[in-house]
Amino acid sequence: MTSSLLEGCSRRQVLQLLAGSAACACCGSVHANKLAYDLAATEIASGTWAVHGSTEHFTLENGGNIVNVAFIEVPDGVVVVDTGPSRRYGEALLQLIEKTVPGKPVLRVYNTHHHPDHFLGNQVFKENIVAAPQQIIDNILSEGDGFADNMYRLVGDWMRGTASIAPTVALQDSTEEVGGRKFSLFYLSGHTSSDLVIRDDETGVVFSGDLAFYNRAPTTPHADINIWQESLQSIAVLDRELILPGHGLQDNTGESLEQTSDYLNWLHTSMQDATGLGLTMNEAMELPLPARFRSLDVVETEYKRSVVHMYLALEDELMPLLEPK
Ligand SMILES: [Zn+2]
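Residues numbered from 1 in each chain as written. Predicted model: local features only at pLDDT ≥ 70, side-chain atom pairs only at ≥ 80, totals over all residues. Heavy atoms only, no water.

> Honestly, the overall build of the chain in this entry has me stumped. Any pointers?
Within the chain one finds eight helices and 12 strands. Taking the intrachain contacts of the chain between residues at least 6 apart in sequence as the baseline, contacts between residues at least 24 apart amount to 68%. As presented, the chain carries roughly 14,000 Å² of accessible surface, and 49% of it is formed by carbon and sulfur atoms. (Helix = DSSP H or I, 4+ residues; strand = E, 2+ residues; numbered from the N terminus. Contact = heavy atoms within 4.5 Å. Areas by Shrake-Rupley, 256 points an atom, 1.4 Å probe, with all protein chains shown as cover.)

Spelled out as structure tokens, the structure:
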């Protein structure tokens, strides 16, 4: 697996991998069978449904559906957390919501961060209900088109008709009432430069976005590990009943936070040690994974992607050039 990671990839595909916005499609399968997401809603708390994606990388088979999306029935309508990887996904999500909660309008859509699997379904919702902190809006405006282009290359026809649409509502309050339900909003970061965490104050369900991964290796293309650790601590002390992570099953013990923190701590320390020892990037990629992480989904490839993302930056940080400026 290790030495064959990039086998069969074209130069362009390798460059896409190095760019870090998505996994490499050439390492996966190359035939899409059908373009139907077959979304299913799982009620994880009273009136709260998760739409679980797979815990894989983006592939032509899964159409980018590797993400957890959620919707909540509130007295006067429905609140949606994240919108999936494509317009087609957004349409399937709307149909699922209508089937599950018939006749109720979607009143609010939150985007937890600007990664493509979380917001590229935005365009099927009314623009004036899609909300995020200003930094997420800015990130989508500056990077969204590039993400969408990359997703087209990775999952192909699933993306047809998809456009990057940024939220129009800039959140800044610590709470908001939507359709008769109060939500608490936490403005965190670390997985990206802005990560929104939402708590439904009625049920105690916390939607962590990608600050928490559960039994799936975290992705780190835009990570600041130290800040991410602080954010995990902030989530850990919240009054809550349940966490829905961005990837993986729901978690009622907080284990997803501990697991994510443990992995990031190991990753960060390993990269610093490897840099200090003068290992090359390829040598760092071959470091053994601790046994406790080997069962995490896609950990082997995600670890290598993280080495790519983090190694050059760490080399610069830890071994600054001694040349005069
Ligand atoms: Zn993400």
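Okay, back to it.
> Just checking my understanding: could you explain helix H5 (residues 225–236) for this structure?
Given 3.6 residues to a turn, an α-helix orients residues that are three or four positions apart in the same direction. The terminal C-alpha atoms of H5 lie 16 Å apart, and with 12 residues this matches the ideal 16 Å at 1.5 Å per residue to within 8%. Taken as a whole, H5 has its buried residues at Ile225, Trp228, Gln229, Ser231, Leu232 and Ile235. For H5, the angular spread of buried residues about the axis comes to 160°, placing them on one side. Along H5, the residues that are exposed and aim more than 90 degrees away from the buried face are Glu230 and Gln233. (Expected span 1.5 Å × (residues − 1). Buried < 20%, exposed > 50% of the residue type's maximum accessible area, 1.4 Å probe, protein only. Arc of directions from axis to C-beta.)

> How do you make sense of the sheet that holds strand E1 (residues 42–45) when you look at a structure like this?
Paired through their backbone hydrogen bonds, the strands of a sheet run either parallel or antiparallel. Taken in spatial order, the seven strands line up as E1-E2-E3-E4-E5-E6-E7 in an open sheet, and their pairing is mixed. Unpaired on one side and paired on the other, E1 and strand E7 (169–171) mark the two borders of the sheet. In this sheet, neighbouring strand axes are inclined to one another by 30° on average, regardless of whether the strands run parallel or antiparallel. As defined by bridge partners, strand E4 (residues 77–81) adjoins strand E5 (residues 106–110) across four bridges and the pair is classed as parallel. Bridge pairing in E5 places Val79 opposite Arg108. Strand contacts of helix H2 (residues 87–100): strand E2 (48–51), strand E3 (69–74), E4 and E5, with the helix running at about 35° to E3, the strand carrying the most contacts. Contacts from helix H4 (residues 134–155) reach strand E6 (130–133) and E7, with the element oriented near 105° to E6. (Pairing = 2+ DSSP bridges. Axes fitted to C-alpha atoms, helices over the stretch in contact; angles between N-to-C directions.)

> Would you mind showing me how to read the pattern of salt bridges here?
It is possible for side chains of opposite charge to pair when their charged atoms get near one another. Following the criterion strictly, the structure yields 10 salt bridges and no others. Here Arg108 ties to Glu176 by a salt bridge, and the two come within 2.8 Å at their closest N and O atoms. Of the two residues, Arg108 sits in strand E5 while Glu176 sits in strand E8 (residues 175–178), which places them 68 residues apart along the sequence. Considered together, Arg108 and Glu176 belong to a single accessibility category, that of buried residues. The residue Arg199 makes a salt bridge to Asp201 at a minimum N-O spacing of 2.8 Å. (Salt bridge = Lys/Arg side-chain N within 4 Å of Asp/Glu carboxyl O.)

> Explain the sheet that holds E8 here, please?
If you walk across this open sheet you meet the five strands as E8-E9-E10-E11-E12, and the pairing is mixed. If you trace the sheet from one side to the other, it starts and ends with E8 and strand E12 (242–247), each paired once. Strand-to-strand twist in this sheet, taken as the mean axis angle between neighbours without regard to direction, amounts to 30°. Pairing of strand E10 (residues 195–200) with strand E11 (residues 205–213) involves three bridges; the strand directions are antiparallel. Counterpart to Ile198 in the pairing with E11 is Phe207. The strands touched by helix H6 (residues 255–276) within the sheet are E11 and E12, with E11 carrying the most contacts at an inclination of about 15°.

> What is the right way to look at the coordination of the zinc ion in this model?
Each donor-metal-donor angle would ideally measure 109.5 degrees in four-coordinate tetrahedral geometry, or 90 or 180 degrees in six-coordinate octahedral geometry. The zinc ion binds to the protein through His113 (NE2), His115 (ND1), His191 (NE2) and Asp210 (OD); the donor distances cover 2.2 to 2.3 Å. If you look at the zinc ion, its four donor atoms make angles of 85 to 169° with each other, and the shape they trace is irregular. Sequence spacing of the donors to the zinc ion: H-x1-H-x75-H-x18-D. When sorted by exposure, His113 lands in the same class as His115, which is buried. (Donors = N, O, S within 2.8 Å, 3.2 Å for Na, K, Ca; no water. Tetrahedral: all angles 85-135°; square planar, octahedral: opposite > 155°, others 65-115°.)

> Hey, could you run me through the side chain of Asn139 in this one?
Relative to the elements of secondary structure, Asn139 occurs in helix H4. A distance of 2.9 Å separates a polar atom in the side chain of Asn139 from a polar atom in the side chain of Ser193. If near-sequence neighbours (up to four positions away) are discounted, Asn139 is found in contact with His114, Gly144, Ser193 and Ser194. (Polar contact = N/O pair within 3.5 Å; in protein donor to acceptor, adjacent residues only side chain to side chain.)

> Please clarify how the environment of Ile97 should be interpreted in this entry.
With respect to the helices, strands and loops of the structure, Ile97 is situated in helix H2. Considering only alpha carbons, one finds Ile97 and Val80, 17 residues apart in sequence, at a separation of 9.3 Å. Excluding residues that lie within four positions of it along the chain, Ile97 makes contacts with Phe71, Val78, Val80, Pro102 and Val106.

> Mind showing me how you'd approach the side chain of Ser184 here?
By secondary structure assignment, the location of Ser184 is in strand E9 (residues 181–188). On the accessibility criterion, Ser184 (5% relative accessible area) is buried. Not counting residues within four places of it along the chain, the set of residues in contact with Ser184 comprises Ser174, Thr175, Val197, Ile198, Arg199 and Asp201.

> Hey, could you run me through the confidence of the model for the chain in this one?
Close inspection of predicted coordinates is inappropriate for parts of the model with low pLDDT. On average, residues of the chain carry a pLDDT of 89, and 86% of them reach 70 or more. Confidence drops under pLDDT 50 across residues 1–32; counting only partners more than four residues distant or on other chains, this segment forms 54 contacts. (pLDDT = per-residue confidence, 0-100.)

> Honestly, the nonpolar core in this entry has me stumped. Any pointers?
Within soluble globular proteins, side chains that are nonpolar tend to cluster in buried spots. Formed by 55 residues in total, the largest nonpolar core has its most connected members in Phe71, Val80, Leu93 and Tyr110. Per-element tally for this core: the top contributor is H4, with eight residues. One finds Leu188, Leu289, Phe293 and Val308 within the second-largest nonpolar core, a separate group that totals 32 residues. (Core = buried A, V, L, I, M, F, W, Y, C linked by side-chain atoms within 4.5 Å.)

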